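Breakdown of the fold
Each chain is listed here by its residues.
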Amino acid sequence: MRKTLIGMLVVLGMATSGWATTYSDYAYSDASGRAATADFTLDGTNLTLLLTNTSTSAVPNPTYILTALLFGTSSSLTALSAIVPSGSTVITKKGTLYPAGTNVGSQWAYNDNGVSSAGLGIFGPHDIIGGPGLISAPGNAPAGLPYGIAGTGTINFKNGDLGNAQLIQDAVQFTFTTGNDFTLADISNVKFQYGTSRGGYPANPVPEPCTLLLLGGGFGAAALARRRAGR
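None of the values given here were measured: they were computed from a predicted structure.

A few points about the overall build of the chain
Within the chain one finds three helices and 15 strands. Across the 231 residues in the chain, those meeting the buried criterion constitute 46%. Here the analysis covers contacts within the chain between residues at least 6 apart in sequence; of these, 64% occur between residues at least 24 apart. Carbon and sulfur atoms make up 54% of the accessible area of the chain, which totals about 10700 Å².

Describing the pairing of strand E4 (residues 66-73)
The buried count for E4 comes to seven of eight residues, which makes it a mostly enclosed element. Sheet analysis places E4 next to strand E13 (residues 187-194), joined by six bridges and oriented antiparallel. In the strand pairing of E13, Gly-72 is matched with Ser-188.

Here's the deal with the packing of aromatic side chains
In this structure the tally under the stated criterion is nine aromatic pairs. Here Tyr-28 and Tyr-201 contribute two aromatic rings whose centre-to-centre distance is 4.9 Å and whose plane-to-plane angle is 45°, an arrangement assigned as tilted. In this pair, Tyr-28 is assigned in strand E1 (residues 21-29) and Tyr-201 in strand E14 (residues 201-202), connecting sequence segments 173 residues apart. Judged by relative accessible area, Tyr-28 falls into the buried class, the value being 12%. Here the aromatic rings of Tyr-110 and Phe-176 are separated by 5.3 Å at their centres, their planes lie at 65°, and the arrangement is edge-to-face. Taken together, the positions of Tyr-110 in strand E8 (residues 109-111) and Phe-176 in strand E12 (residues 171-177) put the pair 66 residues apart, joining distant regions of the chain. Like Tyr-110, the residue Phe-176 is buried in the burial classification. An aromatic cluster is built from Tyr-26, Phe-40, Phe-71, Tyr-110 and Phe-176, whose rings are joined through pairwise contacts. The residue whose ring lies beneath Arg-34 is Tyr-64, and the NZ or CZ to ring-centre distance is 4.3 Å. In this structure, Arg-34 packs its charged tip against the face of Tyr-194, placed 5.9 Å from the ring centre.

With respect to the pairing of E13
Where E13 and E14 come together, two bridges link them in antiparallel fashion. Note on E14: the bridge partner recorded for Lys-191 is Pro-202. The antiparallel hairpin formed by E13 and E14 contains six residues in its connecting segment, where Gly-195 sits at a positive phi of about 70°.

Description of the pattern of salt bridges
A full pass over the atoms with the stated rule returns one salt bridge. The salt bridge partner of Asp-30 is Arg-34, with a shortest N-O separation of 3.2 Å. We classify Arg-34 as buried; its relative accessible area is 11%.

Some details on the sheet that holds strand E5 (residues 78-83)
Spatial strand order, E5-E12-E3-E2-E1-E15: six strands in an open sheet with antiparallel pairing. Across the chains shown, the open sheet's two edge strands, defined by having one partner strand only, are E5 and strand E15 (204-206). For this sheet, the mean inter-axis angle between neighbouring strands, taken without regard to orientation, is 20°. Inspection of the sheet shows E1 paired to E15 by three bridges, in the antiparallel sense. What sits directly across from Tyr-26, in E15, is Pro-205.

Thresholds applied
- Sequence positions are assigned chain by chain, starting from 1 and proceeding in written order.
- Since the coordinates come from a predicted model, pLDDT governs what is reported: local features require at least 70, and pairs of side-chain atoms require 80 or more to be given and counted, while whole-chain, interface and lining totals use all residues.
- Values reported for side chains reflect all heavy atoms of the structure, with hydrogen atoms and water molecules removed beforehand.
- Here a strand is any run of E in DSSP of at least two residues, a helix any run of H or I of at least four, and the numbering for each starts at the N terminus.
- When a residue's accessible area, from a 1.4 Å probe over protein chains only, is under 20% of the maximum for its type it is buried; when over 50% it is exposed; and in between it is partly exposed.
- Whether two residues are in contact is decided by their heavy atoms, any of which lying within 4.5 Å being enough.
- Surface accessibility in these figures is a Shrake-Rupley result with a 1.4 Å probe; residues are shielded only by whichever protein chains are displayed.
- Here a strand pair is declared whenever DSSP counts at least two bridges between the two strands.
- Centres within 6.5 Å make a pair out of two Phe, Tyr or Trp rings, where for Trp the six-membered ring is used; the pair is then stacked when the planes are under 30 degrees apart, edge-to-face when over 60, and tilted otherwise.
- Counted as over-ring charges are cases with an Arg CZ or a Lys NZ within 6 Å of the ring centre that also lie within 35 degrees of the ring normal.
- Salt bridge criterion: a side-chain nitrogen from Lys or Arg within 4 Å of a carboxyl oxygen from Asp or Glu.
- Lines fitted to the C-alpha atoms define the axes, with helices restricted to the stretch that makes contact. Angles between their N-to-C directions range from 0 to 180 degrees.

Keep in mind these numbers describe shape, not what the thing actually does.
Here's what the structure looks like:
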């Protein structure tokens, strides 16, 4: 309920300001050092999702690799690409494998469950976003750790699973097209998924500055109405 209200307020705040672009952000963190954000931006019928592993902690094992963002929508999206954004790279234990700007869509999938590089038993070959063939079984169903997202902490490449994987350090940006009536309030049940065993961590919605401003304005208007009623 709270997330839906925030989404509605963000959209309303932007609409009344005459802005074409709306935002909806989610975050997760825990005492073990995991931390991540998912930033949705809607501009007309173009939707982008910046999925970032914001952890600066060491990466001791696969359960610290961000392999999916699970979410639902009221209508299906069309996934166009998955790009390694500026400041991010694809790395292995030997160093940088691919630079920023690389399309890793051949290693990520999208369906009504969200986006994933790990498969998790719910993403198949037909869900692959698409793009140039990269190292690690191009064209197959996403599986395991390859092209999952690591934070900026030191990665324990001596761990067998990590040592054999291509990992994206920092973030991936996904681009979708939507229907004309799609709004960010249509996004629901957002969960961050780590490792290869399904069991996502519920996200916390993050109010945008315009949301806070709108909330403040709403409270002020309500107080003014009460004062006038008292008179």
